[in-house]
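# Fold and contact review
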Amino acid sequence: MKPRILLFAALCLSLAGGALSLTACKEEELHINDGGVCTVCGKTVQANDESLFSFELLGDGTYGIRAADTAELPERLSLPWEHDGKPVTAVLPYAFMTKLSVREVILPSSIASIGEFAFWGDEGLSAVSFGSGMREIGASAFAACSIGSFFVDENNGAFCEKQGVLLSKDGTELVLGTADGIVPDGVTHIKEEAFSGNQKISAVTLPDTLVSVGREAFWNSSLSGTLVLPDSVTQMERGAFQYTAIQELFIGRGLEAIPMDAFLGCNMIQHVGIPDTVTFLGAGAFSSCTALKSVVLGRGLTRTGAAFSNCPELTTITLPDTLRSIDNGCFNHCSSLSEINFPDGLASIGEDAFSGCAFSEVILPDSVTQVGAHAFAACTALERVSLSENLTGLGDHAFESCSLLQEIELPEGVTVIATGTFSGCTSLERALLSPRTQHIGHDAFSGCGALRTVRFGNSLISIGDGAFGSCSVLSEVLLPDTVTHIGAAAFIGCSALGRVTWSASLQEIGLSAFSGCAITSVTIPKSVTLIEKYAFQNCTALREAVFEEPDGWTVTDPYGNPPRSLDAEALLDPASAALLLARSDAHCRWQRSDP
């Protein structure tokens, strides 16, 4: 007897002296339940006792079936043809989900549909028999099972069986696969979830007739070893081989796109080569492949997709000269990636593209115009950066927490330093801004505890909140006369800052802007109309404050009292003015209006 027949022998039931017995039908076929009679051999097929089941009357007057709430199901589950004189036509959604005792299922020909998740997680299920009436199988109906073989009534108009797997009637679509991993010749499409969760499959050989692989077709299965996608495969859907144990991967030259999550979490793959025919990589295509060491991208790619994030062993990546964009998160948290050559022609690097990588040096070609937010954040080994001369956009936190970076020089095209761009770069000593930089964003250099030198360009207009907060060794700031606004806490905690050259155009000094600094002398230009609360609080070394315009100043305390005018005579005396500014009225909001 063939091995397949041995596997299904348990499905052949006949009545012998009131007890169930196993038998094979003529020509080594198995029983098919059609109204309690096998359509192959004519013997009686007995269903399990109805007390094991719960029934639901459907809109067409027939019944759907599920396991009774308290039922302990037998290993051989044979569903009834009818209930209360009416046919049973549907296995309801979730009907037999995670029933670990079930090994074999016989579905009578009256059943036309199986609902979603109906047998999901029945890990011991090894054989299923379909009657002639079966037409529809819902999503994930047999996912997370390890079925060894299917059998189908030859009169079924929707499905057939070949080599133990369930196929569409014309044999071109593999609907449900088995633990043997067989994909018969002639199959052009593997249906979604066909092998999903099968924990007994070890290998699969894909025929040259195969054109497409459906969504999550092998998701979380035990598929391992070598996977060869033949040149005939032109389409693959999301998560097709996600969370499998594939060790070697060969991608044929027919595929043009590798979709989202296609090989996500394949923790045994070590090398990936993308052929030149592939023009698109979906987000997560090879993400979290924890053993992946090297990647070669083909020349068909102009952009990467967020394809390789969280690959901690990845050390080598070869980028093609056709590449124009590295997408958001592409190599995020590839913590062993220490070297990369960016091709000429590359135009943009997306958000989080290389955050958490191990580079010691980054050299961007002059073709790069945009670097996204967090693009190189937390690259804690990064010591040197050479930016593109044509760079115009540098995103929020782009180099945040690059703790070994020592110097940065911004090209002329960078007119805005975004929020937190270099915050937490604790070894940064020199920051040479572009002469065209107009705005320094919030926290741009905050926490740069080694920063000694900042070169401001003559186009600078505003310094954002916390921009240089806690730059504890910064001793001198030379503000160009173009600066009109200094934000809240802009230089807070710069405990070595003793000298500031003030802009002649300055209008506003923000909340706590210089709190805790070592400034000994302040010149308040006549252009200043607002000094916010605590701007110079705890500046204990301040001995001199020169107000170029001492008239028209009022102070407002934070306690709800009405504004109080300051005596211009007091402000004419630098020592008295310093006392007011840093001590007695340091907690107040200072405003000036023209007389």
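Residues numbered from 1 in each chain as written. Predicted model: local features only at pLDDT ≥ 70, side-chain atom pairs only at ≥ 80, totals over all residues. Heavy atoms only, no water.

## Points about the overall build of the chain
Counting secondary structure elements, the chain contains 3 helices and 49 strands. In terms of overall dimensions, the chain is more spread out than a globule: its C-alpha atoms have a radius of gyration of 36 Å, far above the 25 Å expected for 595 residues. Reported as C-alpha extents along the three principal axes, the dimensions of the chain are approximately 120 × 55 × 30 Å. Residues classed as buried in the chain amount to 53% of the 595 residues present. The long-range fraction of contacts in the chain, counting pairs at least 24 apart against all pairs at least 6 apart in sequence, stands at 29%. Working note: accessible area of the chain is about 23500 Å², and carbon and sulfur atoms make up 47% of it. (Helix = DSSP H or I, 4+ residues; strand = E, 2+ residues; numbered from the N terminus. Rg over C-alpha atoms; globule rule 2.2 N^0.38 Å. Buried < 20%, exposed > 50% of the residue type's maximum accessible area, 1.4 Å probe, protein only. Contact = heavy atoms within 4.5 Å. Areas by Shrake-Rupley, 256 points an atom, 1.4 Å probe, with all protein chains shown as cover.)

## Regarding a negative patch on the surface
Taken together, the side chains of Asp344, Asp366, Glu389, Glu409 and Glu412 define an acidic patch exposed on the protein surface. For Glu409, the position within the fold is in strand β34 (residues 407–409). (Patch = residues over 30% accessible without salt bridge, like charges linked within 9 Å, V, L, I, M, F, W, Y side chains within 5 Å. Salt bridge = Lys/Arg side-chain N within 4 Å of Asp/Glu carboxyl O. Lys, Arg positive; Asp, Glu negative; His and termini not counted. Charge placed at Lys NZ, Arg CZ, Asp CG, Glu CD.)

## Thoughts on the pattern of salt bridges
Across all of its chains, the model carries 15 salt bridges by this definition. Among the ionic pairs, Arg215 bridges to Glu193, the shortest N-O distance being 4.0 Å. A residue pair is termed long-range when its members are at least 10 positions apart, and Arg215 in the loop between β19 (212–213) and β20 (224–229) and Glu193 in the loop between β18 (189–190) and β19 qualify at 22 residues. On the basis of relative accessible area, Glu193 is assigned to the buried category, the value being 11%. A network of salt bridges, in which partner residues are shared, links Glu192, Glu193, Arg215 and Glu216.

## Structural notes on the packing of aromatic side chains
Applying the stated criterion across every chain yields a total of 34 aromatic pairs. Ring plane angle 15 degrees and centroid distance 5.3 Å describe the contact between Phe96 and Phe119, whose orientation is recorded as stacked. On the criterion of sequence distance, the pair formed by Phe96 in the loop between β9 (86–91) and β10 (104–106) and Phe119 in the loop between β11 (113–114) and β12 (127–130) is long-range, its members being 23 residues apart. The buried category is assigned to Phe96, whose relative accessible area is 0%. (Phe/Tyr/Trp six-rings, centres within 6.5 Å; stacked < 30°, edge-to-face > 60°.)

## A few points about helix α3 (residues 574–584)
All of the buried residues in α3 are Ala577, Ala578, Leu580, Leu581 and Ala582. Looking straight down α3, one finds its buried side chains confined to an arc of 165 degrees; they lie on one side. (Arc of directions from axis to C-beta.)

## Describing unusual backbone geometry
Keep in mind that most residues, glycine aside, have a negative phi and that most peptide bonds are trans. Of note in this structure, Asn220 is not a glycine but carries a positive phi near 55 degrees. Within the fold, Asn220 resides in the loop between β19 and β20. Even without glycine at this site, His397 takes up a positive phi of about 60 degrees. Relative to the helices and strands, His397 resides in the loop between β33 (393–394) and β34.

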